[in-house]
Amino acid sequence: MRLLIVEDDPGIVLVLYRALATLYTVDTVGTSARAMQKLTEHPYDAIILDLNLPDSPGLKICERVRTSGLTTPILVLSGATEVMNKVTLLDSGANDYLTKPFSMDELKARLRVLTRRPGSSSKSRHRLVVGDLELDTIKHLVQRAGQNIPLRRKEFAVLECLMQNTGMVVTRATLSSYAWDDTDDSLTNTVDVHIKYLRDKIDRPFGTPLIKTVHGLGYKIDAFKSSST
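This one's a predicted model, so the numbers in the text were calculated from it and none came from an experiment.

Reading the values: rules and limits
For every chain, the first residue of the written sequence is number 1, and numbering continues from 1 onward in sequence order. Per-residue local features of the predicted model are confined to residues with pLDDT of at least 70, and side-chain atom pairs are confined, for both listing and counting, to 80 or more; whole-chain, interface and lining totals are unaffected and use all residues. Just so you know, side-chain values use all the structure's heavy atoms and leave hydrogens and water out. Working definition: helices are DSSP H or I runs of at least four residues, strands are E runs of at least two. Numbering for both runs from the N terminus. The rule is simple: take the accessible area with a 1.4 Å probe, protein chains only, and divide by the maximum for that residue type; under 20% is buried, over 50% is exposed, in between is partly exposed. Here a residue-residue contact requires only that any non-hydrogen atoms of the pair lie within 4.5 Å. Here the accessible surface of atoms and residues is derived via Shrake-Rupley with a 1.4 Å probe, and residues count as covered only by protein chains that are part of the display. For two strands to pair, DSSP has to find at least two bridges joining them. Each axis is a line fitted through C-alpha atoms, and for a helix only the stretch in contact is used; angles between axes span 0 to 180 degrees, taken between their N-to-C directions. The working definition used for a salt bridge is a side-chain nitrogen of Lys or Arg within 4 Å of a carboxyl oxygen of Asp or Glu. To sort the angles, those under 35 degrees are grouped as roughly parallel, those over 145 as roughly antiparallel, those from 65 to 115 as roughly perpendicular, and the leftovers as oblique. Should the near helix be turned anticlockwise from the far one by less than a right angle, the crossing is left-handed, and should it be turned clockwise, the crossing is right-handed. As a working rule, the residues Ala, Val, Leu, Ile, Met, Phe, Trp, Tyr, Cys and Pro are called nonpolar, Asp, Glu, Lys and Arg charged, and the rest polar, with Gly in that last group. Per-residue confidence from the predictor is reported as pLDDT, which spans 0 to 100. A right-handed crossover is one whose linking path, passing over the helix from the first strand to the second, runs clockwise when the strands point away from the viewer. Only buried residues count toward a nonpolar core, which is a set of Ala, Val, Leu, Ile, Met, Phe, Trp, Tyr and Cys residues joined through side-chain atoms within 4.5 Å.

**A look at the overall build of the chain**
- Within the chain, the regular secondary structure consists of 8 helices and 12 strands.
- The buried share of the chain, taken over its 229 residues, is 47%.
- Within the chain, counting contacts between residues at least 6 apart in sequence, those at least 24 apart form 56% of the total.
- Total accessible area computed for the chain in this model is approximately 11300 Å², and 53% of it derives from carbon and sulfur atoms.

**Structural notes on the sheet that holds strand β8 (residues 141-144)**
- Read from one edge to the other, the open sheet built from 4 strands follows the order β6-β7-β8-β9, with strand pairing classed as antiparallel. With partners counted over all chains shown, the strands left at the sheet margins are β6 (127-130) and β9 (147-148), one partner each.
- Here β8 runs beside β9; their pairing, made up of 2 bridges, is antiparallel. Bridging across to β9, Gln 143 finds its partner in Asn 148.
- This element, helix α6 (residues 153-164), spans β6, β7 (133-136) and β8 of the sheet and lies at about 110° to β7.

**Side note on the pattern of salt bridges**
- Considering all chains together, one arrives at 15 salt bridges under this definition.
- Salt-bridge contacts for Asp 200 lead to Arg 204; the nearest nitrogen and oxygen are separated by 2.5 Å.
- Exposure remark for Asp 200: the relative accessible area of 32% places this residue in the partly exposed category.
- Relative accessible area serves as the criterion here: at 55%, Arg 204 is assigned to the exposed category.
- The salt bridge partner of Asp 222 is Lys 212, with a shortest N-O separation of 2.8 Å.

**Looking at the packing of helix α5 (residues 104-115) against helix α7 (residues 172-180)**
- At a minimum axis distance of 10 Å, the contact between α5 and α7 shows a crossing angle of 15°. Put simply, α5 runs roughly parallel to α7. The two elements α5 and α7 meet at a crossing, and its hand is right-handed. Residues Glu 106, Arg 110 and Val 113 of α5 lie in contact with α7, whose contacting residues are Ala 173, Thr 174 and Tyr 178.
- In the contact of α5 with α7, the residues fall into 3 nonpolar, 1 polar and 2 charged.

**Brief notes about the confidence of the model for the chain**
- The pLDDT averaged across the chain works out to 84; a share of 88% of its residues lies at or above 70.
- Here helix α4 (residues 86-92) is the element of the chain with the lowest mean pLDDT, 77, and β8 is the one with the highest, 95.

**Notes on the environment of Pro 10**
- Counting through the fold element by element, Pro 10 comes out in helix α1 (residues 10-20).
- Between the C-alpha atoms of Pro 10 and Thr 28, which are 18 residues apart in sequence, the distance is 10.0 Å.

**What about the pairing of strand β1 (residues 2-6)?**
- The buried fraction of β1 amounts to 4 of the 5 residues, a majority that puts the element mostly inside the structure.
- For the crossover that starts at β1, traverses α1 and ends in the parallel strand β2 (residues 25-29), the hand is right-handed.
- Where β1 lies against strand β3 (residues 46-50), 4 bridges are found, and the strand directions are parallel. Residue pairing across strands places Ile 5 opposite Ile 48, the latter belonging to β3.

**Thoughts on the nonpolar core**
- Within the largest apolar cluster, 28 residues are counted, with the highest numbers of intra-cluster contacts made by Leu 159, Leu 162 and Ile 221.
- Of all the secondary structure elements, the ones that give two or more residues to this core are β6, β7, α6, α7, α8 (188-203) and β12 (218-221).
- Every residue in contact with Leu 159, bar those within four places of it in the chain, is listed here: Leu 133, Leu 135, Val 142, Leu 151, Leu 198, Ile 202 and Ile 221.
- If you look at the next biggest cluster of nonpolar residues, it comprises 20 residues, including Val 29, Leu 53, Val 65 and Tyr 97.

Shown next, in the form of structure tokens:
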């Protein structure tokens, strides 16, 4: 998959490149003009976009990208001191955002989520498997040990996000961004409630739990035994 990083701080660019170059083909640019040029040269699976660029605000790039008809997912990076209305970000065409400083694991998880959403240019796996649990994103079906498990839309989305990141911790913010298109702290309890619903349906009836709580961080799903609950 191909990733475009639009960031003018050389230090941040270096850190991002080193972390992501083993997972993606990474191109980097430092201005909005170069970003728009690159987008005409190559199809990208995702864009990492800094809000403060020397020639144009990052939000203007979001608007220009969407006006051009491109549906490439955009992950915005914003400084901790910046006051940015989430609605403004989404209205401008951004799909998600992270506030600096951020965890690189969190960034990678957000990218995995974005590049597997409908509308991204990558071809996502439509069949996800963890142990005896299977999820089909096309048929919208979930089975465990061959038994069909009916899930509501948000339950399905939360489970899909976890299974896309099998064995890795997924924060509540990432889950809420994927299932509700929002990272508002008020959704924390909503995420926890939906995790409980999922456990009632796909864990407890089968004896072996797959969904684990990683205290202070979030949740993960895998088929290995763990002391986490």
